[in-house]
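A look at the structure
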Amino acid sequence: MPKITFGNFGEVTKHDALKAAIAEFICMITFVFPAEGCALLFSKIITDGGLASSMITASISHAFALFVAVSIGTNISGGHVSPAVTFGAFVGGHITFVRSILYWIAQLLGSVVAVYLLKFSTNGLEVSAHPPQLPWNAVLYEIIMTFILVYTYYATAFDPKRGNVGIISPIAIGLICGANILSGGALFGAAMNPAMAFCQAVISWTWTYHWVYWLGNFVGAAIAALVYQTLFLGENIYEQLPITNY
């Protein structure tokens with residue numbers, strides 16, 4: 001028989017126990033929000049007569065593409081692939097502000113180049129922006145989804161205690177991106193990435209409520225960074241992202 005221990009009520013005040021409880025709280029948000037959001041979304045799609053297959057296809061393509069993008073960039077840049085993730089890394093002290101600006105410029109330029117290459121290579125197929133109908137609801141949605149995404153970056157990529165979990169970091173990041181898209185893509189755009197929203201706005205020149213994707217994403221990223229860095233890493237335990245000295 002395994003030894004079952006009741007413990008004592010003094011455990012609720014112990015630092016490690018409280019950290020573990022907070023971690024479980026955030027894990028449940030990470031699990032339930034996209035999972036139940038997906039169920040709600042598909043109920044709405046079925047009710048409105050929409051095609052659920054288009055959402056599944058979009059989520060899979062984003063998940064796979066982000067998985068590869070993070071994988072090929074991890075050892076060089078940290079594999080942020082989003083201005084929001086870079087901002088989260090900056091807030092947590094894992095990257096300098098100057099380097100953050102360089103990353104943001106590269107990310108925005110890369111997204112615009114990619115979308116124009118897509119347009120030309122598909123013989124002019126249109127890439128359009130999808131402004132949210134309820135901007136402040138969309139801001140809240142983006143905050144939550146970006147929090148989950150950046151928290152996943154911290155837990156699997158930035159945390160020096162990640163151990164073997166770091167091996168699956170890119171796929172974990174890609175999968176949570178896909179899950180988030182399934183939970184709210186048709187309703188709010190599910191950007192989680194200002195660069196993605198930016199390139200769509202540039203090529204279609206549709207800037208309606210574009211600020212939603214910067215405000216929501218940066219706030220969500222900052223909250224995730226502060227929570228993980230403060231509660232689970234501390235001031236003296238962090239790993240600087242790759243920096244090459246010339």
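Note: the structure precedes this text.
The following refers to the structure shown. Every value quoted in this text rests on a predicted model; they were computed, and no experiment measured them. (Residues numbered from 1 in each chain as written. Predicted model: local features only at pLDDT ≥ 70, side-chain atom pairs only at ≥ 80, totals over all residues. Heavy atoms only, no water.)

1. Re the overall build of the protein
Regarding its fold elements, the protein presents eight helices and zero strands. Secondary structure elements of the protein occur, N-terminal to C-terminal, as α-α-α-α-α-α-α-α. Residue burial in the protein is summarised as follows: out of 246 residues, 40% are buried. Look at the contacts in the protein between residues 6 or more apart in sequence, and 78% of them connect residues 24 or more apart. Roughly 13,700 Å² of accessible area belongs to the protein as shown, and the carbon and sulfur atoms make up 70% of that amount. (Helix = DSSP H or I, 4+ residues; strand = E, 2+ residues; numbered from the N terminus. Buried < 20%, exposed > 50% of the residue type's maximum accessible area, 1.4 Å probe, protein only. Contact = heavy atoms within 4.5 Å. Areas by Shrake-Rupley, 256 points an atom, 1.4 Å probe, with all protein chains shown as cover.)

2. Observations concerning the environment of S183
Among the secondary structure elements, S183 is positioned in helix α6 (residues 169-188). For S183, a relative accessible area of 1% translates into the label buried. Along the primary structure S183 and Y141 are separated by 42 residues, whereas in three dimensions their C-alpha atoms are 9.8 Å apart.

3. Comments concerning a nonpolar patch on the surface
A surface patch of nonpolar side chains, amounting to about 750 Å² of accessible area, comprises F67, V68, I72, V165, I167, I168, I171 and L175. Looking at the nonpolar patch, the elements that each hand over two or more residues are α2 (52-73) and α6. For I72, the position within the fold is in helix α2. Residue classification places I72 among the exposed positions, given a relative accessible area of 63%. (Patch = residues over 30% accessible without salt bridge, like charges linked within 9 Å, V, L, I, M, F, W, Y side chains within 5 Å. Salt bridge = Lys/Arg side-chain N within 4 Å of Asp/Glu carboxyl O.)

4. Remarks on the nonpolar core
Ranked by internal contacts, the top residues of the largest apolar core, which has 36 residues, are L149, Y151, Y153, Y154 and F158. Residue assignment for this core shows that the elements contributing at least two residues are α2, α3 (83-91), α4 (97-121), α5 (135-158), α6 and α8 (211-233). It is α5 that contributes the most residues to this core, 11 residues altogether. Apart from residues no more than four positions distant in its own chain, Y151 is found in contact with A23, I26, A224, V227, Y228 and F232. By size, the runner-up hydrophobic cluster in this structure holds seven residues, among which are A138, V139, A191 and Y213. (Core = buried A, V, L, I, M, F, W, Y, C linked by side-chain atoms within 4.5 Å.)

5. Here we look at unusual backbone geometry
Of note in the backbone geometry, V81 takes a positive phi value of approximately 60° without being a glycine. Turning to its location among the elements, V81 is positioned in the loop between α2 and α3. The backbone phi angle of W205 is positive, close to 50°, even though this residue is not glycine. Since its relative accessible area comes to 63%, W205 is described here as exposed.

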